[in-house]
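# Coordinate analysis (summary)
Here is how the chains run, residue by residue.
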Amino acid sequence: MSDYTAANIQILDSKTLRIMREKRVKNLSNQYPGIAISFIARLLESCQLSGFPEELAIKRYLMKDKSIVPSQELIECHKELLQRLFRS
């Protein structure tokens, strides 16, 4: 049996979450220097919004593993984020 209890749960504030997300994007950008940091940031945000697992999206779009099939929700979220970018 696990020693995991409700005391192990931490609720992070939005600033901490933003900082963690920025670090994740920067680390992935360093790991995959040929891919635009803005694409990586949108990809991770699309995962968060759609519920698609980040690790699968990373395999598909950064590691170029075409055997991973993205969900329609991920694709639609990414399209919407791109449209917002161009509307600004």
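Heads up: these notes are all about the structure in this document. (Residues numbered from 1 in each chain as written. Predicted model: local features only at pLDDT ≥ 70, side-chain atom pairs only at ≥ 80, totals over all residues. Heavy atoms only, no water.)

## Here's the deal with the state of the cysteines
Applying the stated criterion to the full structure yields zero disulfides. With no disulfide of its own, C47 lies closest to C77 among cysteine sulfurs, the gap being 9.2 Å. For C47, a relative accessible area of 3% corresponds to the buried category. (Disulfide = S-S within 2.5 Å. Buried < 20%, exposed > 50% of the residue type's maximum accessible area, 1.4 Å probe, protein only.)

## Some details on the nonpolar core
Counting residues in each nonpolar core, the largest one holds 14 residues, and the members touching the most others are L28, Y32, I40, F52 and L62. Within the residue set of this core, elements represented by two or more residues are α1 (14-31), α2 (37-50) and α3 (54-62). In terms of residues, this core owes the most to one element, α2, which gives four residues. When near neighbours in sequence (up to four residues on either side) are disregarded, L62 contacts L28, Y32, I35, F39, I40, L43 and A57. (Core = buried A, V, L, I, M, F, W, Y, C linked by side-chain atoms within 4.5 Å. Helix = DSSP H or I, 4+ residues; strand = E, 2+ residues; numbered from the N terminus. Contact = heavy atoms within 4.5 Å.)

## Structural notes on the pattern of salt bridges
Opposite charge on two side chains permits them to pair, given that their charged atoms come into close proximity. Under the definition given, this model contains seven salt bridges. The partner of E80 in a salt bridge is R84, with the nearest N and O atoms 3.4 Å apart. Pair noted here: E80 and R84 are both in helix α4 (residues 72-87), with a separation of four residues, about one helical turn. Take E80: its relative accessible area is 29%, and that puts it in the partly exposed class. Linking R87 and E80 is a salt bridge whose minimum nitrogen-to-oxygen distance equals 3.4 Å. (Salt bridge = Lys/Arg side-chain N within 4 Å of Asp/Glu carboxyl O.)

## Thoughts on the environment of Y32
Residue position: Y32 is located in the loop between α1 and α2. In this structure Y32 comes out as buried when scored by relative accessible area, which is 16%. The sequence separation of Y32 and L62 amounts to 30 residues, and the corresponding C-alpha distance is 6.9 Å. When near neighbours in sequence (up to four residues on either side) are disregarded, Y32 contacts I58, L62 and M63.

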